[in-house]
Amino acid sequence: MKLHTGFVAITGKPNVGKSTLINTLFKKKIAITSYKPQTTRNQIIDTYSDHTSSITFIDTPGYHDAHNKLDMFLNSEIKSSYKVADVVMLLIDLTRKIDEEDLQVIKIIKSYEVKKVLLVLTKSDLNQKNIEPYKEEIKKLIDYDGVVVISSKTNTNLDEMLIQIKKMIPLTETVLSNIATSDNDDFIIKEIVREQVIFHTKKEVPYATAIVIQEKTYNEGLLTIMADIVVERDSQKPIIIGAKGSMIKKIGTFARKELLEIFDCKINLKLFVKTVPDWRNNPTFLKENGYLK
């Protein structure tokens, strides 16, 4: 039996709704979401399968102005996804005007010989009017092969989006296999803890943090996790810890609640704060923690 089989890269400026879309599509938490931009740090890969298709989605980080080696890595993740993609989904936020960040993403897409471009206009639940001007403006900037207006929050038109994608990718007898996915325990644990750091701390601190799992053990229905919240400067540690440990306790409580919804066991989460000076420019640290290949 032939299936529509291929790769789809989800791309767009920061905070356009990429992570929310992929979580809704797969009906589980794969990517962390936040009202703060530049939340996603890695290519997040998972495969959608039904009786007619096997589609591997790559949720890329939003494009970053490169201020350090981490930013350079994030931008390379975007570009590498274009090389393998059968379809590039260009997400445009209907609640914001098309700006320089959108233009930068479009410029990068055009610099590669991508096979197909699907324009996806997001957050239609917040803007159901004046949609045509977005289509017309984007058409002047890049030729796209299809367009769909969606809302991940209300699950609007995601079926139509999948129909259009299937039309754009080839029919093949070969089903993709051995695809490296992000659905592994360590990745999920680190991302959920980092999500809570982002939600509960302010200013530059969320972007100067990384999560490192030091130990993970399972015994008689209890999963014990010991993890470091890594910051770049000692002055950032009190922000994460809080008065009398109040902030790190809050981060741990909310992260544990999220983890309990994913893992079918009791959770003992122990968090610590550690300083690794300028870790975003430290090649050894970045490589050890999956930010450099």
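Above this text is the structure in question.
Residues numbered from 1 in each chain as written. Predicted model: local features only at pLDDT ≥ 70, side-chain atom pairs only at ≥ 80, totals over all residues. Heavy atoms only, no water.

Trainee: Help me out: how do you make sense of the overall build of the protein chain in this one?
Mentor: A tally of helices and strands in the protein chain yields nine helices and 10 strands. In the protein chain, which comprises 293 residues, the proportion classed as buried is 51%. Here the contacts in the protein chain between residues at least 6 apart in sequence split such that 71% fall between residues at least 24 apart. Carbon and sulfur atoms make up 50% of the accessible area of the protein chain, which totals about 14600 Å². (Helix = DSSP H or I, 4+ residues; strand = E, 2+ residues; numbered from the N terminus. Buried < 20%, exposed > 50% of the residue type's maximum accessible area, 1.4 Å probe, protein only. Contact = heavy atoms within 4.5 Å. Areas by Shrake-Rupley, 256 points an atom, 1.4 Å probe, with all protein chains shown as cover.)

Trainee: Which parts of the structure should I look at to understand the packing of helix α1 (residues 18-26) against helix α5 (residues 158-168)?
Mentor: The axes of two packed helices give the description: the angle between them and the distance between them. For the pair α1 and α5, the least separation of the axes is 11 Å and the interaxial angle reads 90°. Considering the angle they form, α1 stands roughly perpendicular to α5. On the side of α1, the interface is formed by Leu-21, Thr-24 and Leu-25, while α5 contributes Leu-158, Met-161 and Leu-162. Tallied by class, the residues present in the contact of α1 with α5 amount to five nonpolar, one polar and no charged. (Axes fitted to C-alpha atoms, helices over the stretch in contact; angles between N-to-C directions. Parallel < 35°, antiparallel > 145°, perpendicular 65-115°, else oblique. Nonpolar A, V, L, I, M, F, W, Y, C, P; charged D, E, K, R; others polar.)

Trainee: Looking at this structure, I do not really get the packing of aromatic side chains. What am I missing?
Mentor: For any pair of aromatic rings, geometry is given as the distance between the ring centres together with the angle between the planes. Tallied over the full model, the rule gives one aromatic pair. Aromatic pair Trp-279 and Phe-285: ring centres 5.4 Å apart, planes at 55°, arrangement tilted. A cation over a ring is seen here: Lys-139 above Tyr-144, with NZ or CZ 4.4 Å from the ring centre. (Phe/Tyr/Trp six-rings, centres within 6.5 Å; stacked < 30°, edge-to-face > 60°. Lys NZ or Arg CZ within 6 Å of the ring centre and 35° of its normal.)

Trainee: Got a minute to help me understand the packing of helix α6 (residues 185-200) against helix α8 (residues 246-262) in this structure?
Mentor: One way to put it is that α6 packs onto α8 with a least axis distance of 9 Å and a crossing angle of 135°. Relative to α8, α6 is oriented oblique. Seen from above, α6 lies across α8 with right-handed handedness. In contact with Ile-188, Ile-189, Ile-192, Val-193, Glu-195, Gln-196, Val-197 and His-200 of α6, α8 contributes Met-247, Lys-250, Ile-251, Phe-254, Ala-255, Glu-258, Leu-259 and Ile-262. Here the contact of α6 with α8 is composed, by residue class, of 11 nonpolar, two polar and three charged. (Left-handed = near helix turned anticlockwise from the far one by under 90°.)

Trainee: It is not clear to me how the sheet that holds strand β8 (residues 210-219) should be interpreted in this structure. Could you clarify?
Mentor: Each strand in a sheet pairs with its neighbour through backbone hydrogen bonds, running either in the same direction (parallel) or in the opposite one (antiparallel). Across the sheet, which stays open at both edges, the three strands sit in the order β8-β9-β10 with mixed pairing between neighbours. The strands lining the two open edges of the sheet, one partner per strand, are β8 and β10 (266-275). Shown here is a sheet whose adjacent strand axes are inclined to one another by a mean of 15°, direction ignored. Across 10 bridges, strand β9 (residues 222-231) lies against β10 in parallel orientation. Across the sheet, residue Ile-225 finds its bridge partner in β10, namely Leu-269. In the packing of α6 onto the sheet, the strands contacted are β8, β9 and β10, and the crossing angle to β8 comes to about 125°. Packing of α8 onto the sheet brings it into contact with β9 and β10, and relative to β10 it is tilted by some 140°. (Pairing = 2+ DSSP bridges.)

Trainee: Any chance you could explain the pattern of salt bridges here in plain terms?
Mentor: Once their charged atoms are close, side chains differing in charge can pair, the charge on each being opposite to the other. Following the criterion strictly, the structure yields eight salt bridges and no others. The residue Lys-135 makes a salt bridge to Glu-132 at a minimum N-O spacing of 3.2 Å. Pair noted here: Lys-135 and Glu-132 are both in helix α4 (residues 132-141), with a separation of three residues, about one helical turn. A cluster of three or more residues bridged by salt bridges with shared partners is formed by Lys-13, Asp-99 and Asp-102. (Salt bridge = Lys/Arg side-chain N within 4 Å of Asp/Glu carboxyl O.)

Trainee: Explanation requested: the nonpolar core in the structure shown.
Mentor: Nonpolar side chains in soluble globular proteins tend to be buried together. Among the nonpolar cores identified, the biggest contains 25 residues, and Ile-225, Ile-229, Ile-240, Leu-259, Ile-267, Leu-269 and Leu-271 are the most heavily contacted of them. Within the residue set of this core, elements represented by two or more residues are α6, β8, β9, α8 and β10. Leaving out residues up to four positions away in the same chain, Leu-259 has contacts with Ile-189, Ile-192, Ile-225, Ile-267 and Leu-269. (Core = buried A, V, L, I, M, F, W, Y, C linked by side-chain atoms within 4.5 Å.)

Trainee: Please explain helix α3 (residues 100-111) as it appears in this structure.
Mentor: A turn of α-helix holds 3.6 residues, and therefore any two residues three or four places apart point the same way. Helix length check: α3 (12 residues) gives 16 Å between terminal C-alpha atoms against 16 Å at 1.5 Å per residue, within 8%. All of the buried residues in α3 are Asp-102, Val-105, Ile-106, Ile-108 and Ile-109. Along α3, the residues classed as buried sweep out an arc of 160° about the axis, all on the same side. Residues of α3 that are exposed and point over 90 degrees away from its buried face: Glu-100, Lys-107, Lys-110 and Ser-111. (Expected span 1.5 Å × (residues − 1). Arc of directions from axis to C-beta.)

Trainee: Can you help me understand unusual backbone geometry in this one?
Mentor: Only a minority of non-glycine residues have a phi that is not negative, and only a minority of peptide bonds are not trans. The backbone of Asn-155 shows a phi angle near 60°, a positive value even though the residue is not glycine. Along the chain, Asn-155 falls in the loop between β6 (146-149) and α5. In this structure Asn-155 comes out as partly exposed when scored by relative accessible area, which is 48%. In the Ramachandran plot, Glu-220 falls in the positive-phi region, its phi being about 50° despite a non-glycine side chain. Within the secondary structure, Glu-220 sits in the loop between β8 and β9.

So yeah, pure geometry; function would need other evidence.
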